[in-house]
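Next come the chains, spelled out residue by residue.
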Amino acid sequence: FFISIVNTLYYFQPDFIFHVQEFEKNRKNIGSYLKQVPVAVKRYLNYYAYYFLSKKDDLAISLLIEFMNPEEESIRKSDANYSASWIYLNQLHNVLLSSSYEDYRKWWQTTKKPKILWNDQALVSIFQNIKNNEDRAYRIY
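Fair warning: this is a prediction, and the values are worked out from it, not measured in the lab.

Enquirer: Sorry, what's going on with the pattern of salt bridges here?
Expert: The final tally for this structure, using the stated rule, is 10 salt bridges. The closest approach of N and O atoms between Lys56 and Asp120, which form a salt bridge, is 2.5 Å. A residue pair is termed long-range when its members are at least 10 positions apart, and Lys56 in the loop between α5 (45-54) and α6 (59-67) and Asp120 in helix α10 (residues 120-138) qualify at 64 residues. Through salt bridges with shared partners, a single network forms among Arg27, Asp57 and Asp58.

Written out as structure tokens, the structure reads:
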């Protein structure tokens, strides 16, 4: 069900699946791997996160956290879901954190097996919000 929603999002890149496979291959060292990823791919980390989120894969969390990296805010801030990404992160786990990149990054790095809340209701809410934000920002009426 969730993958069908992800497939209706506005983002499209011909090499999307290639990058998904690279993220999966580098799962254990995702932090250092993301430092090497080209800017053109980093700009859309949230969409890769949505893909993994639709599969209930916790790799989505690390990609969303890195999407919020303030060092690259200027290339991502125009994204329809940039501001809402903190909300999505907070809906996916049971730890209350400030909307701070450093807090999330530290939490992710120090938690052995973070408890991720993957309930379908939260995911449906997140994906509906993503789609609504995109429709408002990108759809021409």
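On we go.
Enquirer: Can you help me understand the packing of α6 against helix α9 (residues 101-110) in this one?
Expert: When two helices pack together, their arrangement is given by the angle between the helix axes and by the axis-to-axis distance. It is at 9 Å that the axes of α6 and α9 come closest, and there the two elements cross at 155°. For the element pair α6 / α9, the angle class is roughly antiparallel. Here α6 and α9 pass one another in a crossing that is left-handed. Listed contacts from α9 to Ile61, Ser62, Ile65 and Glu66 of α6 are Tyr101, Tyr104, Arg105, Trp107 and Trp108. Residue classes in the contact of α6 with α9 are distributed as 6 nonpolar, 1 polar and 2 charged.

Enquirer: Help me understand α9, please; the structure alone is not making it clear to me.
Expert: An α-helical turn contains 3.6 residues, so a residue and the one three or four places further along point in the same direction. What α9 keeps buried is the set Tyr101, Tyr104, Trp107 and Trp108. For α9, the buried positions fall inside an angular range of 135° around the axis, keeping them on one side. Exposed residues pointing more than 90 degrees away from the buried face of α9 are listed as Lys106, Gln109 and Thr110. For α9, the elements touching its buried residues are α6 and α8 (85-91).

Enquirer: So what exactly am I meant to see when it comes to the environment of Leu53 here?
Expert: Within the secondary structure, Leu53 sits in helix α5. In the structure, Leu53 is positioned 73 residues away from Ile126 in sequence and 9.8 Å away in space, judged by C-alpha atoms. Apart from residues lying up to four places away in sequence, Leu53 is in contact with Ala60, Leu92, Trp118, Leu123, Ile126 and Phe127.

Enquirer: Honestly, the nonpolar core in this entry has me stumped. Any pointers?
Expert: Soluble globular proteins: nonpolar side chains tend toward being buried together. In terms of nonpolar packing, the biggest core is built from 41 residues, with Phe23, Phe52, Leu53, Ile61, Leu63, Leu92 and Trp118 touching the most fellow members. Going through the elements one at a time, α2 (16-25), α3 (30-36), α5, α6, α8, α9 and α10 are the ones with two or more residues in this core. With 8 residues, α5 is the largest single contributor of residues to this core. Aside from chain neighbours lying at most four places away, what touches Leu92 is Leu53, Ile61, Leu64, Lys115, Ile116, Leu117, Trp118, Leu123 and Ile126.

What counts, and where the lines are drawn
- Residues numbered from 1 in each chain as written.
- Predicted model: local features only at pLDDT ≥ 70, side-chain atom pairs only at ≥ 80, totals over all residues.
- Heavy atoms only, no water.
- Salt bridge = Lys/Arg side-chain N within 4 Å of Asp/Glu carboxyl O.
- Helix = DSSP H or I, 4+ residues; strand = E, 2+ residues; numbered from the N terminus.
- Axes fitted to C-alpha atoms, helices over the stretch in contact; angles between N-to-C directions.
- Parallel < 35°, antiparallel > 145°, perpendicular 65-115°, else oblique.
- Left-handed = near helix turned anticlockwise from the far one by under 90°.
- Contact = heavy atoms within 4.5 Å.
- Nonpolar A, V, L, I, M, F, W, Y, C, P; charged D, E, K, R; others polar.
- Buried < 20%, exposed > 50% of the residue type's maximum accessible area, 1.4 Å probe, protein only.
- Arc of directions from axis to C-beta.
- Core = buried A, V, L, I, M, F, W, Y, C linked by side-chain atoms within 4.5 Å.

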